[in-house]
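Understanding the architecture of this molecule
Residue strings, one per chain:
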Amino acid sequence: MKLDPRRAAPKLPKWVWSHDPEAYAYENYDTAVESLKQGVPFEDDDRIPPNYPPGYKYEPWNIEQIMDDMRQGKPIDLGPGDWS
């Protein structure tokens, strides 16, 4: 690590390092408020780009199940979406 610190840096996917949450909030605030006032669910408003991996849809999960899967050697499934 001392010779090349980049080798010790975590490998983060593009959707993490290329996302600017502050700019996203400023750019989409008015549209999000308008959607709320109209009763349109956030995920159903095509005018607001998602701030999560493309193709992702929330699925309920809990940490206990993930820990159990890890103990049993099962691969962790992040669900649908482009996690690369």
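Residues numbered from 1 in each chain as written. Predicted model: local features only at pLDDT ≥ 70, side-chain atom pairs only at ≥ 80, totals over all residues. Heavy atoms only, no water.

1. Observations concerning the overall build of the protein chain
The criterion, for reference: Strands here mean DSSP runs of E at least two residues long; helices mean DSSP runs of H or I at least four residues long; both are numbered from the N terminus. Remark: exposure states derive from per-residue accessible area (1.4 Å probe, protein chains only) relative to the maximum for the residue type, with buried under 20%, exposed over 50%, and partly exposed in between. Contacts are residue-level and defined by heavy atoms, with any inter-residue pair within 4.5 Å sufficient.
From N to C terminus, the protein chain includes 3 helices and 0 strands. Ordering the α and β elements of the protein chain from the N terminus gives α-α-α. Put simply, the protein chain has 84 residues, and 11% of those count as buried. In the protein chain, the share of contacts with a sequence separation of at least 24, taken over all contacts with a separation of at least 6, comes to 51%.

2. Quick look at the packing of aromatic side chains
Put simply, the rule is: Two rings belonging to Phe, Tyr or Trp (six-membered ring only in the last case) form a pair when the distance between their centres is within 6.5 Å. Interplanar angles under 30 degrees mark stacking, angles over 60 mark edge-to-face geometry, and anything in between is tilted.
Per the stated rule, a full pass over the model turns up 1 aromatic pair. Taking 5.7 Å as the distance between ring centres and 65° as the angle between the ring planes, the aromatic pair formed by Tyr 52 and Tyr 56 counts as edge-to-face.

3. A word on the pattern of salt bridges
Here the idea is simple: oppositely charged side chains can pair when their charged atoms come close. Stated precisely, the cut-off is as follows: Salt bridges are identified by distance alone: a Lys or Arg side-chain nitrogen within 4 Å of an Asp or Glu carboxyl oxygen.
A complete count under the given rule lists 4 salt bridges for this structure. Taking the shortest distance from any N to any O, the salt bridge between Asp 45 and Arg 47 comes out at 2.8 Å. Given a relative accessible area of 6%, Asp 45 falls into the buried group. For Arg 47, a relative accessible area of 44% corresponds to the partly exposed category. With its nearest N and O atoms 2.8 Å apart, the salt bridge here joins Arg 71 to Asp 68.

4. Concerning the environment of Glu 34
In plain terms, the rule: Identification of polar contacts relies on pairs of N or O atoms within 3.5 Å, with a donor-acceptor requirement for protein atoms, meaning one able to donate a hydrogen and the other able to accept it, and with residues adjacent in sequence counted only if both atoms are side-chain atoms.
Relative to the elements of secondary structure, Glu 34 occurs in helix α2 (residues 21-38). Looking at Glu 34, its side chain comes within polar contact range of the side chain of Arg 47, at 3.0 Å.

5. Re the confidence of the model for the protein chain
The predicted coordinates should not be examined in detail at positions where pLDDT is low. Note the following rule: What pLDDT expresses is the predictor's confidence in each residue, scored from 0 to 100.
Averaged over every residue, the pLDDT of the protein chain is 84; the share at 70 or more is 89%. Taking the mean pLDDT of every element in the protein chain, the minimum, 75, falls on helix α1 (residues 14-17) and the maximum, 94, on α2.

6. Points about the side chain of Ser 35
In this structure, Ser 35 sits in helix α2. On the basis of relative accessible area, Ser 35 is assigned to the buried category, the value being 2%. With residues up to four places along the chain from it excluded, the contact list for Ser 35 reads Val 40, Asp 45, Arg 47 and Ile 48.

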